[in-house]
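Letter by letter, the chains look like this.
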Amino acid sequence: MTNNAQRPFGRLLTAMVTPFGADGAVDVDGAARLAAHLVDEQRNDALVVNGTTGESPTTTDAEKEAVIRAVVEAVGDRAKVVAGVGTFSTHHTVELARSAEKAGAHGLLVVSPYYNKPPQAGLVKHFTTVADAVDLPILLYDIPHRTGVAITTDTMVTLAGHPRIVGVKDAKGDLAAASWVKRRAEFAYYSGDDAATLPLLAIGGVGVVGTSTHFTGSGTKDMIEAYERGDVAEARRLHEALLPLYTGIFRTQGTILVKAGLNARGLPAGPVRPPLVDATEAELAQLRIDCADAGLPL
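With an unreviewed UniProt entry as reference, the protein is termed 4-hydroxy-tetrahydrodipicolinate synthase, source organism Catellatospora chokoriensis. We quote the UniProt Pathway (unreviewed entry) comment for the protein here in full: "Amino-acid biosynthesis; L-lysine biosynthesis via DAP pathway; (S)-tetrahydrodipicolinate from L-aspartate: step 3/4."

## Observations regarding the UniProt feature "site: Part of a proton relay during catalysis" (unreviewed entry) in the protein
What UniProt calls "site: Part of a proton relay during catalysis" (unreviewed entry) maps, in this numbering, to T52 and Y115. Relative to the assigned elements, T52 resides in the loop between β2 (46–49) and α2 (61–75). Those residues within four positions of T52 in sequence are excluded, and the remaining contacts are Y141, R146 and T255. As for its position among the elements, Y115 is in the loop between β4 (107–111) and α4 (120–133). For Y115, a relative accessible area of 72% translates into the label exposed.

## A look at helix α12 (residues 281–293)
Compared with an ideal rise of 1.5 Å per residue, which puts 13 residues at 18 Å, α12 spans 18 Å between its outermost C-alpha atoms and is within 8% of the ideal. Three or more residues of α12 are buried, namely L284, L287, D290 and C291. Down the axis of α12, the smallest arc covering the buried residues is 115 degrees, so these residues share one side. Turned more than 90 degrees away from the buried face of α12 sit E281, A282, I289 and D293, all of them exposed. Buried positions along α12 lie against α10 (232–248) and α11 (254–264). Immediately beyond the C-terminal end of α12, within one or two residues, lies G295, with a positive phi of roughly 80 degrees.

## Digging into the side chain of K64
Residue position: K64 is located in helix α2. There is no salt bridge for the buried K64, and the closest opposite charge comes from D61, which lies 4.6 Å off by N-O distance. The residues touching K64, leaving out its near neighbours within four places in the chain, are N50, S56, T59 and L96.

## Side note on helix α3 (residues 90–102)
In an α-helix, one turn spans 3.6 residues, which is why side chains three or four residues apart end up on the same side. Over its 13 residues, α3 runs 18 Å from end to end, which matches the ideal 18 Å to within 8%, given 1.5 Å per residue. Along α3, the positions that sit buried rather than exposed are T93, V94, L96, A97 and A100. Along the axis of α3, the buried positions cluster into a sector of 165 degrees, meaning they face one direction only. Turned more than 90 degrees from where α3 packs its buried face, H91 and K102 sit exposed. In this structure, the buried side of α3 is in contact with α2, β3 (80–84), β4 and α4. In the stretch just after α3, G104 is the one whose phi turns positive, near 105 degrees.

## A closer look at the packing of aromatic side chains
Evaluated as defined, the whole model comprises two aromatic pairs. Look at F88 and Y114: their rings are 5.0 Å apart centre to centre, the planes differ by 40 degrees, and that puts the pair in the tilted class. Of this pair, F88 sits in the loop between β3 and α3 while Y114 sits in the loop between β4 and α4, and the two are 26 residues apart along the sequence. On the basis of relative accessibility, which here comes to 29%, the residue Y114 falls in the partly exposed class. An angle of 75 degrees between the planes, with centres 6.3 Å apart, marks the rings of F187 and Y189 as edge-to-face. Of the two residues examined, F187 and Y189, each falls in the buried class. Across from the ring centre of F20, 4.3 Å away, lies the NZ or CZ of R273, which sits over that ring.

## With respect to the UniProt feature "binding site: pyruvate" (unreviewed entry) in the protein
In this numbering, the UniProt entry assigns the feature "binding site: pyruvate" (unreviewed entry) to T53 and V209. On the basis of their most widely separated C-alpha atoms, the annotated residues across 157 residues gather in one place, lying no more than 10.8 Å apart. For T53, a relative accessible area of 10% translates into the label buried. Residues contacting T53, with those up to four places away along its chain left out, are A15, M16, V17, T211, H214 and T255. Following the sequence through the fold, V209 ends up in strand β8 (residues 207–210). Using a relative accessible area of 1% as the deciding quantity, one classes V209 as buried. In contact with V209, not counting residues within four places along its chain, are L13, A15, V48, K169, Y190, S191, G192 and D194.

What counts and how
Residues numbered from 1 in each chain as written. Predicted model: local features only at pLDDT ≥ 70, side-chain atom pairs only at ≥ 80, totals over all residues. Heavy atoms only, no water. UniProt positions renumbered as here; feature names shortened; annotations may be inferred. Helix = DSSP H or I, 4+ residues; strand = E, 2+ residues; numbered from the N terminus. Contact = heavy atoms within 4.5 Å. Buried < 20%, exposed > 50% of the residue type's maximum accessible area, 1.4 Å probe, protein only. Expected span 1.5 Å × (residues − 1). Arc of directions from axis to C-beta. Lys, Arg positive; Asp, Glu negative; His and termini not counted. Salt bridge = Lys/Arg side-chain N within 4 Å of Asp/Glu carboxyl O. Phe/Tyr/Trp six-rings, centres within 6.5 Å; stacked < 30°, edge-to-face > 60°. Lys NZ or Arg CZ within 6 Å of the ring centre and 35° of its normal.

Take a look at the structure:
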């Protein structure tokens, strides 16, 4: 159904958390171990590091580079490493993009500039400036409920014309808009909402950049593969089986619950950095219920 050229980073990507030590410092060795787990056990084709799930607003540029290098060294021979580099400053985003390229990243995730709400012409200028500054393939990240501005269909089609802008992590929740882009441009759509992966596949999506996939990765990969081979009933069965965790991981901010679950499983995660706060006992108890309901007990 979909060839590899249309699926630039594979089917399954996880937006990886950044492990911290008890002292709050980045746990570089833990990042390497977690990356290996996500690729070897959860069957990820690629990992997104330094995204918002990786607490990028609270990590320094030097910490971001160290994480990229550690993850590339750990899994770069068998999975692609996509570095989140988006900020609300085009200049800083270009700096991070060039740093990620030098650190060995295979691709970049660039979120719409947040808070300053640029017009569509500003979005085109921002994304194309970044794409012109590097030689890596780029995924846009369209998440207007966080950034304050959506990438419109016309803007998405315009950006799809750039040779290095190859797709989008779509968290807009507008399947009609995605369909219009797919009708007008060859563009890789990855779901940015775990529970929307199957519906997006139905209109030409190629995969997911997930959060719950720290735990649901293998089953999600099965779901995507079932859909692609035409077994829609099996894909729907897997979607419904994993739904409690697809949605449950967002009962509070997703990073908080991912780290709580990883810590419960003895995997590298550690605490979150302020302004996030660690999961409460009640939140961890509910996460255990959601995991069990999805057939993936903590």
